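Summary of the model geometry
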Amino acid sequence: MKRLTAREIVERAGLDAGDLVGRLTSAAGQEFATFYHYTIMEAACSTGAVDQRLSGIIADMRAEERRHFETLVERIYELDGYMPADIHVLMDLAGRPEAPNVDDESDLITALLDTERRAVDTYADLCALTEGKDHRTYRLVLALHAEEGEHEAWVREFLGEEGRARIHRGFRGRSPHVSRYRSPGSTE
Ligand SMILES: [Fe+2]
Ligand SMILES: [Fe+2]
């Protein structure tokens, strides 16, 4: 008997694979833009105008956003989808994420919290869509949801607000949840 592809399995479970891949591609675009913006933020922080504790948090989040992007791309290709070669198309799919103002610490923090909240919402929606249907994507987006929640908590912890992050320096930045779902060939 012919083995079903990942896409066929998802479709048999009642999901619209094209819609799912579109949503995952949009999320991958958001991750890529976030990785890019956090890279700029971290570089701007190196001038010393921003608290170095915040700079460390941005560095750790940036490392995890890159893994998030790569992990989503793996799943998109498993589902016989593909990433647009034109990066403008990807940014359009991601909703053209706004460029942060890196010259002001308070604007920077607002941008971080907005970005993380949006990411939490994106993965909450994907969890709701895939739960009980596409187990592999569900476990992955649940892991992404957990890490985005951690990111928000790291920033809130820096601000001295409630909701302490559970993962701290040394473990932060290593994607403890998402790494489990990466393909064996991944470098880290
Ligand atoms: Fe992310
Ligand atoms: Fe994040």
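Computed from a predicted structure; not experimentally measured.

Quick word on the overall build of the protein chain
Along the protein chain, the regular secondary structure elements total six helices and zero strands. Overall, the protein chain is about 60 × 35 × 30 Å in size when its C-alpha atoms are taken along their principal axes. Looking at the protein chain as a whole, 35% of its 188 residues are labelled buried. Counting only contacts in the protein chain whose residues sit at least 6 apart along the sequence, the fraction spanning at least 24 positions is 72%.

Some details on the nonpolar core
Residues Leu24 and Ala28 are the most contacted members of the largest nonpolar core, which totals 21 residues. Elements represented by at least two residues in this core include exactly helix H2 (17–45), helix H3 (52–78), helix H5 (105–130) and helix H6 (135–158). Ranked by residue count, the leading element in this core is H2, at eight residues. Beyond its immediate stretch of four places on either side in the chain, Ala28 contacts Phe69, Leu72, Val73, Ile76 and Met83. Formed by 13 residues, the second largest nonpolar core is a distinct cluster that contains Leu54, Ile57, Met61 and Leu112.

A word on the confidence of the model for the protein chain
Per-chain confidence: the protein chain averages 91 in pLDDT, with 92% of residues scoring 70 or above. When the elements of the protein chain are averaged for pLDDT, helix H1 (residues 6–12) gives the smallest value, 93, and helix H4 (residues 87–93) the largest, 97.

Description of H5
With 26 residues, H5 extends 37 Å between its outermost C-alpha atoms, agreeing within 8% with the 38 Å of an ideal straight helix rising 1.5 Å per residue. Restricting attention to buried positions, one finds in H5 the residues Leu108, Ala111, Leu112, Thr115, Glu116, Ala119, Thr122, Tyr123, Leu126 and Thr130. For H5, the elements touching its buried residues are H2 and H6. Of the residues one or two after H5, Gly132 is the one with positive phi, at around 75°.

Some words on unusual backbone geometry
Trans peptide bonds make up most of the peptide bonds, and negative phi angles are found at most residues other than glycine. Phi is positive for Arg96, close to 45°, though the residue is something other than glycine. Of note, Arg96 is situated in the loop between H4 and H5. Positive phi, close to 50°, is recorded for Ser175, a residue that is not glycine. According to the C-beta neighbour criterion, Ser175 is buried, with 25 such atoms within 10 Å.

Quick word on the UniProt feature "binding site: Fe cation" (unreviewed entry) in the protein chain
Within this structure's numbering, the places UniProt gives as "binding site: Fe cation" (unreviewed entry) are Glu31, His68, Glu116, Glu148 and His151. In sequence the annotated residues extend across 121 residues, while in space they remain close, none of their C-alpha pairs exceeding 13.0 Å. Following the sequence through the fold, Glu148 ends up in helix H6. Overall, Glu148 belongs to the buried group, with 27 C-beta atoms counted inside 10 Å. The topology assignment puts His151 in helix H6.

Quick word on the packing of H2 against H5
Relative orientation and spacing of two packed helices are given, respectively, by the angle between their axes and the distance between those axes. Contact geometry of H2 with H5 gives a least axis separation of 11 Å together with a crossing angle of 160°. The pairing of H2 with H5 is recorded here as roughly antiparallel in orientation. In terms of crossing hand, the pair formed by H2 and H5 is left-handed. Residue-level inspection shows Leu20, Arg23, Ala27, Gln30, Thr34 and Met41 of H2 in contact with H5, the latter providing Leu108, Thr115, Ala119, Thr122, Leu126 and Leu129.

Structural notes on the environment of Met61
Summarising the element assignment, Met61 is placed in helix H3. In this structure Met61 comes out as buried when scored by C-beta crowding, with 28 C-beta atoms within 10 Å. In this view, Met61 contacts Tyr38 and His151; residues no more than four positions away in its chain are not counted.

Digging into the environment of Arg174
Looking at the secondary structure, you find Arg174 in the segment after H6. A residue is classified by how many C-beta atoms lie within 10 Å of it, and Arg174, with 15 of them, is partly exposed. When the C-alpha positions of Arg174 and Glu150 are compared, they lie 12 Å apart, and in sequence the two are 24 residues distant.

Each value, and the rule that gives it
- Residues numbered from 1 in each chain as written.
- Chains lettered and ligands numbered in written order.
- Predicted model: local features only at pLDDT ≥ 70, side-chain atom pairs only at ≥ 80, totals over all residues.
- Helix = DSSP H or I, 4+ residues; strand = E, 2+ residues; numbered from the N terminus.
- Buried ≥ 20, exposed ≤ 12 C-beta atoms within 10 Å, placed from the backbone.
- Contact = placed C-beta atoms within 7 Å.
- Core = buried A, V, L, I, M, F, W, Y, C linked by C-beta atoms within 7 Å.
- pLDDT = per-residue confidence, 0-100.
- Expected span 1.5 Å × (residues − 1).
- UniProt positions renumbered as here; feature names shortened; annotations may be inferred.
- Axes fitted to C-alpha atoms, helices over the stretch in contact; angles between N-to-C directions.
- Parallel < 35°, antiparallel > 145°, perpendicular 65-115°, else oblique.
- Left-handed = near helix turned anticlockwise from the far one by under 90°.

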